[in-house]
Amino acid sequence: MKPLKLNKHYTRIAKKLKLKAKPRLLLGDEASSYIKKHKKDEKPQNGGYLFWTNTVAIINKKRIGTLAHEMRHAYQYEHRMRKGYEFSRDTKAINNRCDEIIYLASRKERDANWYALRYLIFNTLAYKQIIEYIYKVLEGYICLLLAPFIKKIKY
Ligand SMILES: [Zn+2]
């Protein structure tokens, strides 16, 4: 099985998610400068989704998992009313491990990582990324367990 190019995965994911408004896809350097322009914190990012421009930016073209993750955010945005996902332009910057735990515990992130894992398993042989997303899914649940305690510590 020859690995598919990222833009083939893009088309496939958009179809599977039945996206009405296909997001604009930026890759490589273009994606990198787009993310830099819009980011609020120093958290390293492989990709991003901006709902107000409906843009998915993926820096490394080998990162199918990141593509599936960010495309899932586009899906969440399309179904935000029905599924109760909140999107806001003034999201909090992530400056420390506590912020990161709260962020990783969010339903949006857990759903996007779970989708990326399923997509990788059923559509690729990208074992390293599959393992990485198994870890991300587990991390999401662990953060979900930790989040209530962090809120208590902060106040
Ligand atoms: Zn995300």
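Residues numbered from 1 in each chain as written. Predicted model: local features only at pLDDT ≥ 70, side-chain atom pairs only at ≥ 80, totals over all residues.

Visitor: Describe in detail the sheet that holds strand S1 (residues 24-27), supporting the description with residues and values.
Guide: Strand order in the open sheet made by the 3 strands is S1-S3-S2, with mixed pairing throughout. With one partner strand each, in any of the chains shown, S1 and strand S2 (47-50) form the two edges of the open sheet. Direction aside, the axes of adjacent strands within the sheet are offset by 15° on average. Direction of pairing for S1 relative to strand S3 (residues 55-58): parallel, over a ladder of 4 bridges. Counted as the bridge partner of Leu26 is Ala57 from S3. (Pairing = 2+ DSSP bridges. Helix = DSSP H or I, 4+ residues; strand = E, 2+ residues; numbered from the N terminus. Axes fitted to C-alpha atoms, helices over the stretch in contact; angles between N-to-C directions.)

Visitor: So what about the nonpolar core? Which residues, and what values?
Guide: Within the largest apolar cluster, 23 residues are counted, with the highest numbers of intra-cluster contacts made by Leu67, Ala68, Met71, Ala116 and Leu120. Sorting the residues of this core by element identifies helix H1 (6-16), S2, S3, helix H3 (64-78) and helix H6 (107-123) as the ones contributing at least two each. Apart from residues lying up to four places away in sequence, Leu120 is in contact with Ile64, Gly65, Ala68, Ala126, Gln129, Ile130 and Tyr133. (Core = buried A, V, L, I, M, F, W, Y, C linked by C-beta atoms within 7 Å. Buried ≥ 20, exposed ≤ 12 C-beta atoms within 10 Å, placed from the backbone. Contact = placed C-beta atoms within 7 Å.)

Visitor: How would you explain unusual backbone geometry if you had to name every residue and give the values?
Guide: Despite not being glycine, Lys18 shows a phi value in the positive range, around 50°. Here Lys18 falls in the exposed class, since 9 other C-beta atoms lie within 10 Å of it. A positive phi angle is found at Asn54, which is not glycine, with a value near 50°. Secondary-structure assignment places Asn54 in the loop between S2 and S3. On the basis of neighbour counts, which here come to 15 C-beta atoms within 10 Å, the residue Asn54 falls in the partly exposed class.

Visitor: With reference to specific residues and values, describe H1.
Guide: If you check which residues of H1 are buried, you get His9, Tyr10 and Ile13. End-on, the buried residues of H1 take up no more than an arc of 105°, which puts them together on one face. Every exposed residue of H1 that faces more than 90 degrees away from the buried side is listed here: Asn7, Lys8 and Lys15. Along its buried surface, H1 packs onto S1, H3 and H6. Lys18, located one to two residues past H1, shows a positive phi value of around 50°. (Arc of directions from axis to C-beta.)

Visitor: So what's going on with the environment of Tyr10? Which residues, and what values?
Guide: Relative to the helices and strands, Tyr10 is located in helix H1. Measuring from C-alpha to C-alpha, the distance between Tyr10 and Pro23 comes to 9.6 Å, with 13 residues separating the pair along the chain.

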